[in-house]
Amino acid sequence: MDHVENILSLKGVSKSFPGVKALDNVDFSVRKGEVHALAGENGAGKSTLMKILSGSYRKDEGTVEFDGRKVEVRSPKDAENLGLSIIYQELNIFQGLTVAENIYVGRQPKKNGVVDWKKMYTDAEKLFDELHIKLDVRKKVRGLSIAQQQMIEIAKAVSAHAKLVIMDEPTSSLATHETKLLFEIINRLRDNGVAIIFITHRLDEIFEISDRVTVMRDGCSIGTCDTGDITKAELITMMIGREMTKQFPVRHAVIGEELLRLDNISDGKKVKGVSFAVARGEVLGFAGLVGAGRTETMRMVFGADKRRTGKIFINGKEIRIRSPKDSVKNKIAFVTENRKEEGLLLAKSVRQNIVMAALSKIRTKYLLNYKKEQEYSKKYIEDMNISTPSENKQVMFLSGGNQQKVVVAKWLMSDSEVIILDEPTRGIDVGAKHEIYELINQLAEAGKAIIVVSSDMEEILGISDRILVMYEGEITGEVKREEFSQHIISEYQIGGKRS
Ligand code: ADP
Ligand code: MG
């Protein structure tokens, strides 16, 4: 490869942590002015590699060339001086300072030895104009959205004359329209000759934004391709090291008797008279656009929100659901969309989270039985292949996929019969997704009734026995497995009824 056109070239980089070889002889290069995606499952070593580049970690071995020179990046300051900026997932922003102060922190323009505030603000305004970012530079950061804070970090990198900007999972907490804005800015940076390393677990984004992609697996660099030259399936194969011919595992479940039935459920706002039933062994998919009322419907079934009308039946008998306590008693489980906010206690251990919904099982009189807690949680960690150093690790340190498995384990432990999963695979990588699908199958095979709300069309077609489509609070269509097609579901999703 032509040496001069690379802005960055790593050779033989290795890094170990106690017990893990996080990077194993990695070669990686980035061309001037390209968007280079870095892909790989959780734990592949992407962040570690980037932290070495930005001076947060020291490499054990290997060389780094930047802009034609061999360099040693010993600290974040070194990286900045070289023209290498990194934007972490946890943004590095001072909430109490203004937007402009954040951009120029530590290097404010000065006049006669004092900060030239006027120049700082006009410079910041000019910078935002150039980048087409619409944000008041005099505003305090506190209260701004994550997307806006990210923009500030990008502006900061540009103002520091970065030649390479690293973005580690920048889109993981952005809404779709915010991602679109981010991509516009990335394209503008590329047009100005800035190279970008873009880490994401969303494959569609890799194909949308990147020129080339490098895949990492188990600390090794597996290969680099022009993004236009590979298919999604090939990329997945590189990432997980095996072919994903069966992205969706084969179903063996037998559909049995009706278990849960809803009759004319409404909340007086977003949900307007929803009725459906789900049977034992069945996976019932809920398709629809964001805002169609799917989550709201499920929240009423679970008792998290109040319903205005309607009845809920289990095994043909009407049940009373006034709160989540009632639904847990009736063996209804709800794996929420916001697992971080609702499904998990992040600061608590894996063990405590798993046993949370089934305390009666491990309680002896009034005391919690720690030994039982440990036994149960160890069993689930093993059965579900949850990757954690021990059952005592705080959940916040686990990857998204493993956090999701903890949520599911929690509900399995409670012996739930109806399991509602709201966007169960959002934000987790392909390997973990596959494991969640297998888990859904196992649950169905065990005779549970499963409801999956998902906005991922491929997923809902891949895992459901039957799909209900919602639009503006109503069920607009029912599609059986034999008639599954993206086309039919899309029609219903925009309110179309079959002629
Ligand atoms: P990725 O960003 O691709 O998900 P990471 O670079 O975060 O992967 O992690 C690679 C491996 O190194 C993992 O096994 C992770 O547990 C380990 N690791 C990362 N940072 C540390 C650290 N500070 N201490 C110990 N182990 C670490
Ligand atoms: Mg990472």
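A. Representation of the pairing of strand S13 (residues 258–266) in the model. With five bridges connecting them, S13 and strand S14 (residues 274–279) associate as antiparallel partners. Its bridge partner being in S14, leucine 260 is matched across the sheet by valine 278. Note: S13 against strand S16 (residues 309–314), five bridges, orientation antiparallel. The residue of S16 that forms the bridge with leucine 260 is isoleucine 314.

B. Local environment of the side chain of serine 85. Looking at where serine 85 falls in the secondary structure, it is placed in strand S6 (residues 84–87). In this view, serine 85 contacts Ala157, Ala162, Leu164, Val165 and Ile166; residues no more than four positions away in its chain are not counted.

C. Focus on the domain arrangement of the protein. The domain architecture assigned to the protein consists of domain 1 (3–240) and domain 2 (258–493). Computed over C-alpha atoms, the centres of domain 1 and domain 2 are 36 Å apart. Each partner contributes residues to the interface: domain 1 has eight residues there, and domain 2 has eight residues. Carbon and sulfur atoms supply 57% of the area that domain 1 and domain 2 bury against each other, a total of about 610 Å² over both sides. For the interface between domain 1 and domain 2, the tally reads one salt bridge. Examining the composition of the side of domain 1 that touches domain 2, we find that four residues originate from one element, helix H8 (residues 232–240), more than from any other. The class makeup of the residues in the side of domain 1 that touches domain 2 is four nonpolar, two polar and two charged.

D. Quick peek at the pattern of salt bridges. This structure, assessed with the given rule, holds 25 salt bridges. Between aspartate 204 and lysine 232 there is a salt bridge; the shortest N-O distance is 3.4 Å. Taken together, the residues span a long stretch of sequence, with aspartate 204 in helix H7 (residues 203–209) and lysine 232 in helix H8 at a distance of 28 residues. According to the relative accessible area criterion, aspartate 204 is exposed, its value standing at 52%. The residue aspartate 383 makes a salt bridge to lysine 379 at a minimum N-O spacing of 2.8 Å.

E. Region of interest: helix H9 (residues 294–302). Burial within H9 is extensive, with seven of its nine residues counted as buried. All buried positions along H9 are accounted for by Arg294, Thr295, Thr297, Met298, Met300, Val301 and Phe302. Immediately beyond the C-terminal end of H9, within one or two residues, lies glycine 303, with a positive phi of roughly 85 degrees.

F. Up close: the site of ligand 1. Around ligand 1 sit Phe17, Val20, Ala22, Glu41, Asn42, Gly43, Ala44, Gly45, Lys46, Ser47, Thr48 and Tyr57, and that is every residue in its neighbourhood. Between glycine 45 and ligand 1, the recorded distance is 2.9 Å, taken from a backbone N or O atom to an oxygen atom. One nitrogen or oxygen atom from the side chain of threonine 48 is found 2.5 Å from an oxygen atom belonging to ligand 1. Per element, the largest residue contribution to the shell around ligand 1 is three residues, and it comes from helix H1 (residues 46–53). When grouped by side-chain class, the residues that make up the shell around ligand 1 number five nonpolar, five polar and two charged.

G. Representation of the nonpolar core within the structure. Ranked by size, the top nonpolar core spans 62 residues in total, and within it Leu260, Phe276, Phe286, Ile332, Ile354 and Ile450 carry the most contacts. Beyond its immediate chain neighbours, meaning those up to four positions away, isoleucine 450 contacts Val278, Glu282, Val283, Leu284, Ile419, Leu421, Ile440, Leu443 and Ala444. Core analysis: the next-biggest nonpolar cluster, separate from the first, contains 38 residues, Ala124, Met167, Leu182 and Phe183 among them.

H. The arrangement of the packing of helix H4 (residues 117–131) against helix H5 (residues 146–159) in detail. For the pair H4 and H5, the least separation of the axes is 10 Å and the interaxial angle reads 105 degrees. In terms of their interaxial angle, H4 and H5 are classed as roughly perpendicular. Judged by residue contacts, Leu127, Phe128 and Leu131 of H4 engage Ala155, Val158 and Ser159 from H5. When grouped by side-chain class, the residues that make up the contact of H4 with H5 number five nonpolar, one polar and no charged.

I. Fine view of the sheet that holds strand S17 (residues 317–319). Taken in spatial order, the four strands make up an open sheet running S14-S13-S16-S17, and their pairing is antiparallel. Edge positions in the open sheet fall to S14 and S17, since each of these has one partner strand only. Across the sheet, the mean angle from the axis of one strand to that of its neighbour is 25 degrees, orientation sign disregarded. Packed on one face of the sheet, H9 meets S13, S14 and S16 and runs near 115 degrees to S13.

J. Region of interest: the sheet that holds S6. One open sheet accounts for six strands, arranged S6-S9-S10-S3-S11-S12; its pairing is mixed. This sheet does not close on itself; its edge strands, each paired only once, are S6 and strand S12 (220–226). Strand-to-strand twist of the sheet, defined as the mean angle between neighbouring strand axes without regard to direction, takes the value 20 degrees. Pairing geometry for strand S9 (residues 164–168) and strand S10 (residues 195–199), over five bridges, is parallel. Within S10, the position partnered with isoleucine 166 by the bridge is isoleucine 197. Of the strands in this sheet, strand S3 (35–39), S6, S9, S10 and strand S11 (212–217) are in contact with H1, which crosses S10 at around 150 degrees. Of the strands in this sheet, S3, S11 and S12 touch H8, which is tilted by about 30 degrees from S11.

Scoring rules and cut-offs
Residues numbered from 1 in each chain as written. Chains lettered and ligands numbered in written order. Predicted model: local features only at pLDDT ≥ 70, side-chain atom pairs only at ≥ 80, totals over all residues. Heavy atoms only, no water. Pairing = 2+ DSSP bridges. Helix = DSSP H or I, 4+ residues; strand = E, 2+ residues; numbered from the N terminus. Contact = heavy atoms within 4.5 Å. Domains from an automatic or database assignment. Buried area = accessible area lost by both parts, 1.4 Å probe. Salt bridge = Lys/Arg side-chain N within 4 Å of Asp/Glu carboxyl O. Nonpolar A, V, L, I, M, F, W, Y, C, P; charged D, E, K, R; others polar. Buried < 20%, exposed > 50% of the residue type's maximum accessible area, 1.4 Å probe, protein only. Near = heavy atom within 4 Å. Polar contact = N/O pair within 3.5 Å; in protein donor to acceptor, adjacent residues only side chain to side chain. Core = buried A, V, L, I, M, F, W, Y, C linked by side-chain atoms within 4.5 Å. Axes fitted to C-alpha atoms, helices over the stretch in contact; angles between N-to-C directions. Parallel < 35°, antiparallel > 145°, perpendicular 65-115°, else oblique.

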